[in-house]
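As a plain string of letters, each chain reads:
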There are 4 protein chains.
Amino acid sequence: MKKAAIINVTGYSGIELARILHRHPDIELTQVTGRSAVGQKLGEAFPHLSDIDMEIEAEVTESVDVVFSALPQTASAEALIPLVEQGVKSIDISADFRLKDATEYEDWYGVAHPKAQLLEESVYGLTELNRSDVRSATLVANPGCYPTGAILALAPAVREGLIHEDIIIDAKSGVSGAGRGLSLNTHFSEVNENVSAYSVSGHRHLPEITQELRRVRGGFDPKITFLPHLIPMTRGILDSCYATLKDGAIASGPEGIKELRALYESFYRDEPFVQVVGSSPMTKHTLGNNNCVIYPTVDLRTNRLMVVSCLDNLVKGAAGQAIQNMNLMLGLEETEGLEQLALYP
Amino acid sequence: MKKAAIINVTGYSGIELARILHRHPDIELTQVTGRSAVGQKLGEAFPHLSDIDMEIEAEVTESVDVVFSALPQTASAEALIPLVEQGVKSIDISADFRLKDATEYEDWYGVAHPKAQLLEESVYGLTELNRSDVRSATLVANPGCYPTGAILALAPAVREGLIHEDIIIDAKSGVSGAGRGLSLNTHFSEVNENVSAYSVSGHRHLPEITQELRRVRGGFDPKITFLPHLIPMTRGILDSCYATLKDGAIASGPEGIKELRALYESFYRDEPFVQVVGSSPMTKHTLGNNNCVIYPTVDLRTNRLMVVSCLDNLVKGAAGQAIQNMNLMLGLEETEGLEQLALYP
Amino acid sequence: MKKAAIINVTGYSGIELARILHRHPDIELTQVTGRSAVGQKLGEAFPHLSDIDMEIEAEVTESVDVVFSALPQTASAEALIPLVEQGVKSIDISADFRLKDATEYEDWYGVAHPKAQLLEESVYGLTELNRSDVRSATLVANPGCYPTGAILALAPAVREGLIHEDIIIDAKSGVSGAGRGLSLNTHFSEVNENVSAYSVSGHRHLPEITQELRRVRGGFDPKITFLPHLIPMTRGILDSCYATLKDGAIASGPEGIKELRALYESFYRDEPFVQVVGSSPMTKHTLGNNNCVIYPTVDLRTNRLMVVSCLDNLVKGAAGQAIQNMNLMLGLEETEGLEQLALYP
Amino acid sequence: MKKAAIINVTGYSGIELARILHRHPDIELTQVTGRSAVGQKLGEAFPHLSDIDMEIEAEVTESVDVVFSALPQTASAEALIPLVEQGVKSIDISADFRLKDATEYEDWYGVAHPKAQLLEESVYGLTELNRSDVRSATLVANPGCYPTGAILALAPAVREGLIHEDIIIDAKSGVSGAGRGLSLNTHFSEVNENVSAYSVSGHRHLPEITQELRRVRGGFDPKITFLPHLIPMTRGILDSCYATLKDGAIASGPEGIKELRALYESFYRDEPFVQVVGSSPMTKHTLGNNNCVIYPTVDLRTNRLMVVSCLDNLVKGAAGQAIQNMNLMLGLEETEGLEQLALYP
């Protein structure tokens, strides 16, 4: 059994890590910390976790094989830097080590990066694209929830050179993505029976998407408009991606759709957690599991690529993908602890 | 008092017409018909309408000043044709008289148009754009719910020649837009906590949008990708519209956003039911009222126009706009009966 | 036109007062105050109220015919006491003047009542039961949302002496009843897809219900268990009330149900805002309007009275009833400004 | 590996059985049948089950160790009778073998029981109360969703003789309990933002509750009022149970609450799937898992017992409890395949 700790178990990503790790056959969860609820039993603070007999502590003090941080940005870097320096395998759910360019980090997050030299070393943990780097990494930057769905949706088309650089990503998210902190924007009576766009002048997940799509194909420099929307549900993200197909990139007409789908299926053939489907998917088909479901198609009237992807923002978009990365980092089977089917309806 | 009748009061648009007309100071609702519930009191079938003491009848038999049809397509044309031919002012909530091209109607609706010569005569009832034609019309084709929001969102930019012809409209709708008819797609347990795209290969509201945007500016021939999504709420549509700004169309940077907003405000200056706003709107701010709220802005990173519009699909997207048109057709004040504020939260 | 002011317009009851008063034909809203958002236009803070061109002020400074306080308890009393002493007709949405017994107030609210002598003078504004007192009142204590539905549901049975004193009220409420203040209990991700009981050891609305049912029939001293539940919707309260019928109080079998219903219909015959119905009602049938719908029946297996009542907690349960009371206090028609039908679906 | 088949996998209980059995370490799911979708792959009809490579068939043809029927009543009996007669261990999710009295079955279900002699042999599969009978049963009648929560909530108080026979059960259910069949009552736009009571004149789950509570204590003959309510969520049932405590049954005041809780904890001490808690529980804490969470307390003002219980209607209220019973019938560990924690939030 490998030992794992969770820093800041008390947010939604943290409790989701605890939920999944508790059922993982090769992991023993040995410490959990919190910024609140220190001294409480995990099951007191979160009754659904009462099978896990642990106390929420103030700091990680024991030696572990892997540590997850579910702290917000900057606090997360501060907590992880000493652990990474000691060589503890670390997975950061926050955004602190995702952007390779410290200037860009400062632009988007408004503070200087606390340890820019770690940015080179850290691996962007979108497992399907960076599997071998994740395997040998000490520090994995777990991707944002929106970028996971958007990059997986677009990577095959980008890799194959099918599309021009103008890309629009219109995303719809459940409210749990905004976390457990209180705000009027996540107050039930304000969100229920409502939909709105937010972060219209620029959402922090945009630079991740751009950075990683650049890496998918040398010389590809996407101009992305990314607009997220908040919808009245708890879990789930659907990314609708639009781009213009290059002339002749695929066959015209319905043949092109088949060709596109075959190309996506081939790209993700051996992926345990990516499903390429032939009809419009639903977020509900991923509730509570680690799948990303991708539906690539063509708007035949305009020769535009449309790709829709669905995932559970707290699983493949956060805790599940973190554990997928952990499995690789510890030399375990990639799917271990993550085989749970979606809860439907 | 003018007399009005509603054909097929028993769907969601029909009962919304009844709800609003009941409080209209210059209208007496004299007959309502239904395809179901004939012989029942309106208040038996719909308890919230029990203040309206009327029986649901099989057919319109009395003489009225105006008739609304809330029947589905083709049935609606059949019911209205004889009334229009008698010169009764008619407002069709269905799609039967929206498309000017009978071939296009047949392509999208799968049947030959029952009376193509009426297509020329009918007026597309997007009030803000076609006010003077509506005033003198005998037959008004009330716009679809998605097109109302999308066309109003894009018309100022198109009229001013700001954008290229490639347009993406990503729409999010509450479930009442799908009507009162039963289907697995609108079964609570399937829709709740879920989001999905639908009609991916082409939604019937697309040709309306294209047709009307062409009319906004001579020679403008938009290539529109329109993708609607179903989200877990009852009422409300949010249309997110994306297009590329022509070079130099507006100032660059934040100045351009101001310029754009001024242009939109000017376009809709005297409109009682269109509000141009400077921050991201919510569908909840239009619940139960006849407003369309429009937020035009620019993605400064990509020089792309983004316009978000919100409305209540059963009011401005159906019954409310129909009554707005009726007011004009009958020479009444355009806002009469429609002054109700949104219900919030 | 009579002049009205709203103290603390920025909570959900306050904005609902503004929404309804704006459309009231005999009222001019002349001042609104807030504990937050002072200096902002009403429409900036609440876009759905942008038709109302007013600034949120810190205090009521002008002379008005009637003032509403939508402050929380104790703050509300403090704000209203000087106004009442000046003879300004005042309607308190808070609980400060509902309980006639200052000791009971202190027991439930944890502070000594700031002006116990006003408790005698104040009128409990459940309009249907206390209409004549409301008419001549200077200070009306607007009832709580749960008590409004529960007392109206039980009053006819109590008045007629049909039931024993053991009563159970199991209530289900939408989340807006908890107000606009933030708490984890009203955080979307916690409330959505969830139901729970709260205030199990005693909810503050209990003593109101007991006090008023005692007044309905001399000597009747109900022993009430009141358990409220929070359900995932924004507006609406359904009270399910259970009591044991006295032997022979009504006929046995289905005849007794008819008799009971006739008795309720007779009790509420002339009430514009109470509807007695013969089948199980829905809160949705009262969304946004001032009705309380009551369904009295008998569990024939156990000879138990069951009464279900539905209302909109922000309208008949708060702002609507307050305006109903205002109409009486100002000598206006009781229904003025309140004729709006429910929004459905 | 034991072999299992599911008759009628295409309803919500059926797909939940498939979901859980797929992850069961000692069960091989070898056949699934459907009344619809015959010939389709399970994953075509239900994409979240696409890891299960099976075709939906018309009938069970292979030999299995255990069969589940998720057919509606009467159809379920018809399908199971021949299998039971062959000695195949059978678990019926429907109501066909729950009531011991064939007359009562006919009264409530409107048809004569197809095989009344099996009623004696069948075991009511509320595992916690009938564990030893389940172990040796050939035919288990899986309890209804409401009765599971209600009986577990009341059994300790009844067994100990604490309460009088007058009992009120006010239940709140998510919509999935109504199944996958279409009806206006489960149409999204009708259920969302709504709450209502239903089956007011008597719900079919009442006689089960009465029958089983009688068996808990000889001579106890409860007079139960059971009123279910539909609330806008997909999964979850909360039963609020009220009864009058016998004088002196427990200590008065807060001591009595402690005593009561100790008694409940003792009653359920060794139960893996019942949690007795000391504060008000939420259905959300049981989402997707097999727990029933029970909160017993006393309304000290009226000396009334109040017990609130929560469970997931499709798991402990249907498929999960069926698998718990299967484990016992097949001599497996009772908790196998059911250890999953609740999905929260």
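Residues numbered from 1 in each chain as written. Chains lettered and ligands numbered in written order. Predicted model: local features only at pLDDT ≥ 70, side-chain atom pairs only at ≥ 80, totals over all residues. Heavy atoms only, no water.

Draft legend 1. Spatial organisation of the packing of aromatic side chains. The full count for this structure, using the stated rule, is 14 aromatic pairs over all chains. Measuring from centroid to centroid gives 5.2 Å for Y146 of chain B and F226 of chain B, while their planes differ by 70°, and the two rings are edge-to-face. Of the two residues, Y146 of chain B is situated in helix 7 (residues 145-159) and F226 of chain B in strand 10 (residues 223-230); the sequence distance between them amounts to 80 residues. With respect to burial, Y146 of chain B and F226 of chain B carry one shared label: buried. Considering the side-chain rings of F188 of chain B and F188 of chain D, the 5.3 Å spacing of their centres and the 15° angle between planes classify their relative orientation as stacked. (Phe/Tyr/Trp six-rings, centres within 6.5 Å; stacked < 30°, edge-to-face > 60°. Helix = DSSP H or I, 4+ residues; strand = E, 2+ residues; numbered from the N terminus. Buried < 20%, exposed > 50% of the residue type's maximum accessible area, 1.4 Å probe, protein only.)

Draft legend 2. Spatial organisation of the pattern of salt bridges. Residues and elements named next belong to chain A. Scanning all chains against the criterion turns up 84 salt bridges over all chains. Two residues, K172 and D170, come together in a salt bridge whose shortest N-O distance is 2.8 Å. When sorted by exposure, K172 lands in the same class as D170, which is buried. The network of salt bridges with shared partners includes E16, R19, R235 and D312. (Salt bridge = Lys/Arg side-chain N within 4 Å of Asp/Glu carboxyl O.)

Draft legend 3. Here's a closer look at the sheet that holds strand 8 (residues 163-173) of chain A. All names here are of chain A. Strand order across the open sheet formed by 7 strands is 9-10-8-11-14-13-12, with mixed pairing between neighbours. Here the strands that pair on one side only, and so sit at the sheet edges, are strand 9 (196-197) and strand 12 (274-276). The pairing of strand 8 with strand 11 (residues 237-245) spans 8 bridges and is classified as antiparallel. Its bridge partner lying in strand 11, I168 is registered against Y242. (Pairing = 2+ DSSP bridges.)

Draft legend 4. Geometry of the side chain of K284 of chain B. Residue placement: K284 of chain B occurs in the loop between strand 12 (274-276) and strand 13 (292-299). Buried K284 of chain B, no salt bridge; nearest opposite-charge side chain is E193 of chain D, N-O distance 6.5 Å. In this structure the side chain of K284 of chain B is engaged in a polar contact, spanning 2.6 Å, whose partner is the backbone oxygen of N192 of chain A. With sequence-adjacent residues up to four places away left out, K284 of chain B is seen in contact with S189, E190, N192, E193 and N194 of chain A, A342, L343, Y344 and P345 of chain B together with T234 of chain C. (Lys, Arg positive; Asp, Glu negative; His and termini not counted. Polar contact = N/O pair within 3.5 Å; in protein donor to acceptor, adjacent residues only side chain to side chain. Contact = heavy atoms within 4.5 Å.)

Draft legend 5. How the structure looks around the sheet that holds strand 2 (residues 27-33) of chain C. Residue and element names in this part refer to chain C. In space, the 7 strands of this open sheet follow the order 3-2-1-4-5-7-6, with parallel pairing throughout. Since the sheet does not close on itself, it has two edges, and those belong to strand 3 (56-57) and strand 6 (123-124), each with one partner. Bridge count for strand 6 against strand 7 (residues 139-141) is 2 bridges, and the pairing is parallel. By the bridge assignment, Y124 is partnered in strand 7 with A141.

Draft legend 6. Up close: the interface of chain A and chain D. Opposite the 30 residues of chain A that make contact, chain D presents 30 residues. Carbon and sulfur atoms supply 62% of the area that chain A and chain D bury against each other, a total of about 2,600 Å² over both sides. With a closest N to O distance of 3.6 Å, E339 of chain D and R23 of chain A form a salt bridge. Counting across the chain A and chain D interface gives 8 residue pairs in polar contact (both at pLDDT 80 or more). If you tally residues by element for the side of chain A that touches chain D, the top one is helix 1 (residues 12-22) of chain A, at 5 residues. When its residues are assigned to classes, the side of chain A that touches chain D shows 12 nonpolar, 10 polar and 8 charged. (Buried area = accessible area lost by both parts, 1.4 Å probe. Nonpolar A, V, L, I, M, F, W, Y, C, P; charged D, E, K, R; others polar.)

Draft legend 7. Layout of the interface of chain D and chain C. Counting from both sides, the interface comprises 47 residues of chain D and, opposite them, 47 residues of chain C. Where chain D abuts chain C, roughly 3,900 Å² becomes buried across the two surfaces, and 56% of that area is made up of carbon and sulfur atoms. Taken together, the links from chain D to chain C amount to 4 salt bridges. Across the pair R304 of chain C and D166 of chain D runs a salt bridge, and its minimum N-O distance is 2.7 Å. Linking chain D with chain C are 38 residue pairs in polar contact (both at pLDDT 80 or more). Residue assignment for the side of chain D that touches chain C shows that the elements contributing at least two residues are strand 8 (163-173), helix 8 (188-191), strand 9 (196-197), strand 10 (223-230), strand 11 (237-245), strand 13 (292-299) and strand 14 (304-311) of chain D. Looking at the side of chain D that touches chain C residue by residue, the class counts come to 22 nonpolar, 14 polar and 11 charged.

Draft legend 8. Fine view of the relation of the copies chain D and chain C. Structural alignment of chain D on chain C gives an RMSD of 0.0 Å, achieved by rotating through 180° and translating 0.0 Å along the axis. Viewed as a symmetry operation, the transformation between the two copies matches a two-fold axis. Residue P232 of chain D, judged by its C-alpha, is the member of chain D lying nearest the rotation axis, at 3.1 Å. Most of the interface of chain D is mirrored in chain C: 100% of its interface residues are interface residues there too. (Least-squares fit on C-alpha atoms with pLDDT ≥ 70 in both.)

Draft legend 9. Quick peek at the pairing of strand 1 (residues 2-7) of chain D. Residue and element names in this part refer to chain D. Both strand 1 and strand 2 (residues 27-33) contribute to a ladder of 5 bridges, which runs parallel. Bridging across to strand 2, A4 finds its partner in L29. For the segment spanning strand 1, helix 1 (residues 12-22) and strand 2, crossover handedness is right-handed. Here strand 1 runs beside strand 4 (residues 66-69); their pairing, made up of 4 bridges, is parallel. The residue bridging A4 from the neighbouring strand is V66, located in strand 4. (Right-handed = clockwise from strand over helix to strand, strands pointing away.)

Draft legend 10. Just the relation of the copies chain A and chain D, in detail. Superposing chain A onto chain D takes a rotation of 180° combined with a translation of 0.0 Å along the rotation axis, leaving an RMSD of 0.0 Å. Comparing interface residues between copies, 100% of those in chain A also sit at the interface in chain D, which points to an isologous, same-surface contact.

Draft legend 11. Looking closely at the environment of L300 of chain C. All names here are of chain C. With respect to the element layout, L300 can be found in the loop between strand 13 (292-299) and strand 14 (304-311). Judged by relative accessible area, which is 45%, L300 ranks as partly exposed. Counting along the chain gives 47 residues from L300 to G253, while the straight-line C-alpha distance between them is 6.1 Å. When sequence neighbours within four positions are dropped, the list of residues in contact with L300 reads G253, P254 and I257.

Draft legend 12. Region of the structure containing the packing of helix 7 (residues 145-159) of chain D against helix 11 (residues 315-329) of chain D. Residue and element names in this part refer to chain D. The N-to-C vectors of helix 7 and helix 11 enclose an angle of 100°; their axes lie 8 Å apart at closest approach. Taken together, the axes of helix 7 and helix 11 are roughly perpendicular relative to one another. Of the residues in helix 11, those touching helix 7 at C145, T148 and L152 are K316, G317 and Q321. Tallied by class, the residues present in the contact of helix 7 with helix 11 amount to 2 nonpolar, 3 polar and 1 charged. (Axes fitted to C-alpha atoms, helices over the stretch in contact; angles between N-to-C directions. Parallel < 35°, antiparallel > 145°, perpendicular 65-115°, else oblique.)

Draft legend 13. Focus on the side chain of S176 of chain A. Along the chain, S176 of chain A falls in the loop between strand 8 and helix 8 (188-191). Taking relative accessible area as the criterion, S176 of chain A reaches 2% and is therefore assigned buried. Within polar-contact distance, the side chain of S176 of chain A engages the side chain of N313 of chain A at 3.0 Å. The contacts of S176 of chain A, once residues within four sequence positions are left out, are Y12, T234, R235, N313 and L314 of chain A, S189 of chain C together with P345 of chain D.

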